[in-house]
Amino acid sequence: MVMFTIRRFLQLIPVFFGATLLVYFLVFATPGDPIAALSGGKPMAPAVEAALRAQYNLDQPFWMQYFLYLKNLVTLNLGQTFSGQEVADVIARAYPVTARLAIMALAFEAFFGILFGVIAGLRKGKLFDSTVLVASLVVIAVPTFVLGFVLQLVVGVKLGWARPTVSGTAPWNELILPALVLGLVSLAYVIRLTRASISENMNADYVRTATAKGLSRRRVVVVHILRNSLIPVVTFLGADLGGLMGGAIVTEGIFNVPGVGNLLFQAIKKGESATVVAVVGILVIVFVVANLVVDLLYAWLDPRIRYV
Amino acid sequence: MSINGKGTPVNSRSSRNDDAPLLEIRDLAITFDTQNGPVNAVRNAHLTIMPGETVAIVGESGSGKSTTALAAIGLLPSNGRVSGGQIIFDGEDITNVSEKRIIELRGNSIGMVPQDPMSNLNPVWKIGFQVKETLKANGLDDGNSKARVAEVLSEAGLPDAEARAKQYPHEFSGGMRQRALIAIGLACRPRLLIADEPTSALDVTVQRQILDHLDRMTTELGTAVLLITHDLGLAAERAEKVVVMYKGQVVESGPALEILRNPKHPYTQRLVNSAPSLSSRRLQSQKAKDVLAAAVEDIEESTPDVGDGAHPAPVHVSHATPSSEARKPAGKGDTILEVKNLTKEFKLRGALGKSSQFKAVDDVSFTVKRGSTMAIVGESGSGKSTVAQMALSLLAPTEGSILFDGVEVNTLKGKALFDFRRRVQPIFQDPYGSLDPMFNIYRTIEEPLKIHKIGDSKSREKKVRELLDQVSMPAATMHRYPNELSGGQRQRIAIARALALNPDVIICDEAVSALDVLVQAQVLNLLNELQEDLGLTYLFITHDLAVVRQIADQVCVMQNGRIVEAASTDEVFNNPKQTYTQDLLNAIPGATLLV
């Protein structure tokens, strides 16, 4: 298992370089001149412009730019934003907020998703099952920004149960509503996945054997059906953590959450390669680590799986 | 006596009321609610089991035998219900008893050993855990459960039980898993054990060991057994009474040997005649009748019940020649497939990147004559299927050569390999898995023709019609899909597909093992007729010696990758030289009952 973990971490290296190179190139290839945008389209003294270009290595060819970026990275220097802030500082402010948001969303979708999925799976075809199925279909079909604005309006403005937008420090309690919106679509998938998995395992031979042994219904469900059914669900949840962190742009926009999504969106608009690559690079690491945790969990849930 | 559970003397338990039946099923009717309305799976079923007695229900799949037994332990599928009659256990009517009461009875009073050991243990829990929870659920966990778990497992014949209890099901072989399931079924000393095809997924020799052990244990414990099986021979050997079910009804019941010797119902008669395990010793003449037809009637008449090689292989061949097609060279009875010193090694991945070599096939040599049938027999893991895969050129041998019609198969490439594929076709074991569920029957049979660019769409359709006719399926079948057909029908389609390219050799890898006895007999007869008509050569891979008796001219017995005995079928059956072969023969259930 140790070998397996080490190998997986080593795999991070090519993934990281590949991802950063790709992202760097995409930002480079985006139409528009970042320096011109910086001055707001007003004419700029040629000397100032040249100095700015040199400062951000924009006068270099693409490979040189990327190489210089990597060189700085080795010395843990993530570069500066166009407004002169250290990228490292900007990220250090934004990531904890998004991490909080994503973890709350994940907890929400895992808890309610598995709970509703199990009940629906055990009562397949009954009222609860049909209701949950229809509701989850609606959630999947309606775009996040619609759900977000509706909930913001109803819960935040009309009912006044929560702040419609998040304040600068983004404390836990203010993030409940955004986390709910962020996790809602995944929740629908978790419910459906759990339900399908449960109802499939209910008909497994070993479940019948467990019943024939004289076990109570409750024990059969908890010990014999649930653990086996969670295997695909865990895979989904792990992969989703990365998705929640990177995909929070819309939700963060609606609730004005000062997180990674907002940061990334602004940086892409400005063509700030240093910020974009750093944010995405960390997201890549989060993805890979989350998948590693899933694989380890997987093997814990299913002893047949070996680390290869 | 270690057998006793929790200090309860076995004798006092079973002698409580020995005269009253332990289980009585009266006029039982079971209905399944399906989308097409209710289906009556069982009607008017009746059977009685006395304490300590073994009763077998025999029938083919779909006959309602398992459904009847499952009703007795309250385990009908959710869409099934008892729609009439009574189930009385130990004087108590449990037909519509509460969930609470049936949970009390399960494990404690009625135990179960299920059919498929591969799928009936929960893969994510250790064996010991799965035994322990049985004891616990039935109030037999006396705080010393670890020792008790090991005891229960070793009673079921599991060696080194204490260490084994810490392993997971996937670390067990099929036989060991079934022993664990028997341990679970008998852990709480039930008075009735329902054994639903307890060994049909296992090798014959393992089957025998397990059934012997089950016999001994239930006799010692005084447990009554309700044995469900499709194998009449096995039922007759193991049970005192046999109940024959057909299409949801009990058609005949009585003492086992009586039913076997003097079957009254036509279905039972057919069953007795086709049961391979029972009739193999005289089905030879049955086969002779089918294959040789009128031309050699005199031979058939001179053949007594015990087959004695009255129709050696050459009779087949000479008979087959006239109808053989022109593409067949003149040399009939010449060697078509020659395997020389075939060896296959697999790399086994060990811990920490170490790997070891595993010889799946070890120095195997044999030759197959054109128009004859060569059977390769062995238990699972003997390497027989690996030989088949190499003969199909689906797997490259490590060493040795395979000559097909004088040409080395290993080195074939491109066009030559493509042509070879046309001439050698497979039929696989599982007719459910080997047909593409998204292809209708027409497409399934037409596909090889299309791949080999034979004919245009019109001539191909004609060919498909012919092929369906050859395997006795109506032409209308071509528009249907595999899931609409029964197992036997699907296997006929698989045969038609294999025949589509007019192959010389058909390699049947356990081609009839998944089929019910009557269907199996039909398919074997069909294969025989086709061999007769088309001069086909079969390489028949099977674990079932009874099947070998019916179809093969020559036999190779494989054990641990090596051929331990090779001779004509009659020679192997009448005069087995190796103890392993003798064991295999002795393990055929019911083999000794009739002779």
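Residues numbered from 1 in each chain as written. Chains lettered and ligands numbered in written order. Predicted model: local features only at pLDDT ≥ 70, side-chain atom pairs only at ≥ 80, totals over all residues. Heavy atoms only, no water.

**A few points about a positive patch on the surface**
Note the cut-off: Distance thresholds for patches are 9 Å for like charges and 5 Å for nonpolar side chains (Val, Leu, Ile, Met, Phe, Trp, Tyr), applied to residues having over 30% relative accessible area and no salt bridge. We get accessible surface area from the Shrake-Rupley algorithm with a probe of 1.4 Å; when it comes to residues, only the shown protein chains can shield them. Salt bridges are identified by distance alone: a Lys or Arg side-chain nitrogen within 4 Å of an Asp or Glu carboxyl oxygen. Positive charges are assigned to Lys and Arg, negative charges to Asp and Glu, while His and the chain termini are left out of the count. Lys charges are placed at NZ, Arg charges at CZ, Asp charges at CG and Glu charges at CD. Helix and strand labels come from DSSP, where a helix needs a run of H or I of at least four residues and a strand needs a run of E of at least two; each type is numbered from the N terminus.
Where like charges cluster on the molecular surface, the positive patch consists of Lys126, Lys132, Lys136, Lys146 and Lys166 of chain B. In this structure, Lys132 of chain B sits in helix α4 (residues 127-137).

**Quick look at the UniProt feature "domain: ABC transporter" (unreviewed entry) in chain B**
Definition in use: UniProt positions are given in the numbering used here, feature names are shortened, and annotations may be inferred rather than shown by experiment.
UniProt records the feature "domain: ABC transporter" (unreviewed entry) for residues 23-272 and 337-585 of chain B in the present numbering. A helix fraction of 37% and a strand fraction of 28% characterise residues 23-272 of chain B, whose end C-alpha atoms lie 27 Å from each other.

**A closer look at the environment of Leu181 of chain B**
How we decide: By the convention used here, residues are in contact when the closest approach between their heavy atoms is within 4.5 Å.
Mapped onto the secondary structure, Leu181 of chain B falls in helix α7 (residues 174-186). For the pair Leu181 of chain B and Leu121 of chain B, spaced 60 residues apart in the sequence, the C-alpha separation amounts to 7.5 Å. Not counting residues up to four positions away in its chain, the partners in contact with Leu181 of chain B are Thr209 of chain A together with Met112, Val113, Pro114, Pro117, Asn120 and Leu121 of chain B.

**Points about the state of the cysteines**
All names here are of chain B. Applicable threshold: Note that a disulfide, as used here, is simply two cysteine sulfur atoms within 2.5 Å. Each residue's exposure class comes from its accessible area (1.4 Å probe, protein chains only) as a fraction of the maximum for that residue type: buried when under 20%, exposed when over 50%, partly exposed otherwise.
Inspection of the entire model under this criterion finds zero disulfides over all chains. Residue Cys556 stays outside any disulfide, its sulfur separated by 15 Å from that of Cys508, the closest cysteine. What makes Cys556 buried here is its relative accessible area of 1%.

**Looking at the interface of chain B and chain A**
As a reminder of what qualifies: Using a 1.4 Å probe, buried area is obtained as the accessible area two parts lose upon being combined, added over both of them. The term polar contact refers here to a pair of N or O atoms within 3.5 Å; inside protein, the definition further demands a hydrogen-donor-capable atom paired with an acceptor-capable atom, and it admits residues adjacent in sequence only when both atoms are side-chain atoms. All residues other than Ala, Val, Leu, Ile, Met, Phe, Trp, Tyr, Cys, Pro, Asp, Glu, Lys and Arg, Gly among them, are scored as polar; the first ten of these are nonpolar and the last four charged.
Taken together, the contact between chain B and chain A spans 28 residues of the former and 21 residues of the latter. Buried surface at the junction of chain B and chain A, both sides included, amounts to about 2,300 Å², of which 58% is carbon and sulfur. For the chain B face of the interface with chain A, the top three residues by lost area are Pro123, Val124 and Glu133 of chain B, together amounting to 23%. Summed over the shared surface of chain B and chain A, the number is two salt bridges. Put simply, Lys213 of chain A and Glu133 of chain B hold a salt bridge, and the shortest N to O gap is 2.9 Å. Our count for the contact surface shared by chain B and chain A stands at 13 residue pairs in polar contact (both at pLDDT 80 or more). Mapped onto the side of chain B that touches chain A, the elements with two or more residues apiece are β6 (110-113), α4 and α7 of chain B. Counting residues per element, the side of chain B that touches chain A draws most heavily on α4 of chain B, at five residues. Residues belonging to the side of chain B that touches chain A are distributed by class as follows: 16 nonpolar, eight polar and four charged.

**Notes on the packing of α7 of chain B against helix α8 (residues 204-221) of chain B**
All names here are of chain B. Worth spelling out the cut-off: Geometry is summarised by axes, namely lines fitted to C-alpha atoms with helices restricted to the contacting stretch, and by angles between N-to-C directions that run from 0 to 180 degrees. Small angles under 35 degrees read as roughly parallel and large ones over 145 as roughly antiparallel, with 65 to 115 read as roughly perpendicular and the rest as oblique. Here a crossing is taken to be left-handed if its near helix is turned anticlockwise relative to the far helix by less than a right angle, and right-handed if that turn runs clockwise.
Their axes nearest at 11 Å, the elements α7 and α8 cross at an angle of 15 degrees. Taken together, α7 and α8 sit at an angle that is classed as roughly parallel. In this structure, α7 crosses over α8, and the sense of that crossing is right-handed. Residues Gly175, Gln178, Arg179, Ile182 and Leu186 of α7 lie in contact with α8, whose contacting residues are Val206, Gln209, Ile210, His213, Leu214, Met217, Thr218 and Leu221. Its residues assigned to classes, the contact of α7 with α8 comprises seven nonpolar, five polar and one charged.

**Concerning the UniProt feature "domain: ABC transmembrane type-1" (unreviewed entry) in chain A**
Those residues carrying the UniProt feature "domain: ABC transmembrane type-1" (unreviewed entry) are residues 95-298 of chain A in this numbering. In this annotation, residues 95-298 of chain A is assigned 82% helix and 0% strand; the end-to-end C-alpha distance for the span is 27 Å.

**Describing the pattern of salt bridges**
Residue and element names in this part refer to chain B. Tallied over the full model, the rule gives 31 salt bridges over all chains. Between Arg465 and Glu461 there is a salt bridge, and its shortest N-O distance comes to 3.1 Å. Here Arg465 pairs with Glu461, and both are found in helix α18 (residues 457-470), just four residues apart, close to one helical turn. Shared partners join several salt bridges into a network, and the residues in it are Arg208, Asp212, Asp215, Glu237 and Arg238.

**Some details on the nonpolar core**
For the record, the criterion: Side-chain atoms within 4.5 Å link the members of a nonpolar core, which is a set of buried Ala, Val, Leu, Ile, Met, Phe, Trp, Tyr and Cys residues. Throughout, the edges of the domains are those of an automatic or database domain assignment.
Counting residues in each nonpolar core, the largest one holds 58 residues, and the members touching the most others are Tyr69 and Ile91 of chain A. Within the residue set of this core, elements represented by two or more residues are α1 (2-29), α4 (62-74), α5 (87-122), α8 (176-202), α10 (217-246), α11 (249-255), α12 (260-270) and α13 (273-301) of chain A. The residues that make up this core include at least three from each of domain 1 (15-75) and domain 2 (91-301) of chain A. Residues in contact with Ile91 of chain A, not counting those within four places in the same chain, are Leu78, Pro96, Leu263, Ala278, Val279 and Ile282 of chain A. In this structure, Val377, Leu435, Leu467 and Ala587 of chain B belong to the second largest nonpolar core, which totals 53 residues.

**Digging into α8 of chain B**
Residues and elements named next belong to chain B. Applicable threshold: The span one expects for a helix is its residue count, reduced by one, times 1.5 Å.
Here α8 spans 25 Å end to end across 18 residues, near enough to the 26 Å set by a 1.5 Å rise per residue. Within the sequence span of α8, burial applies to Val204, Thr205, Gln207, Ile210, Leu211, His213, Leu214, Met217, Thr218 and Leu221. Where α8 ends, the next residue or the one after it, Gly222, has phi of about 70 degrees, a positive value.

**Things to note about helix α2 (residues 65-72) of chain B**
All names here are of chain B. The element α2 is extensively covered by neighbouring structure, given that seven of its eight residues are classed as buried. Within α2, the full set of buried residues consists of Lys65, Thr67, Thr68, Ala69, Leu70, Ala71 and Ala72. Downstream of α2 by a residue or two, Gly74 has a phi angle that is positive, lying close to 65 degrees.

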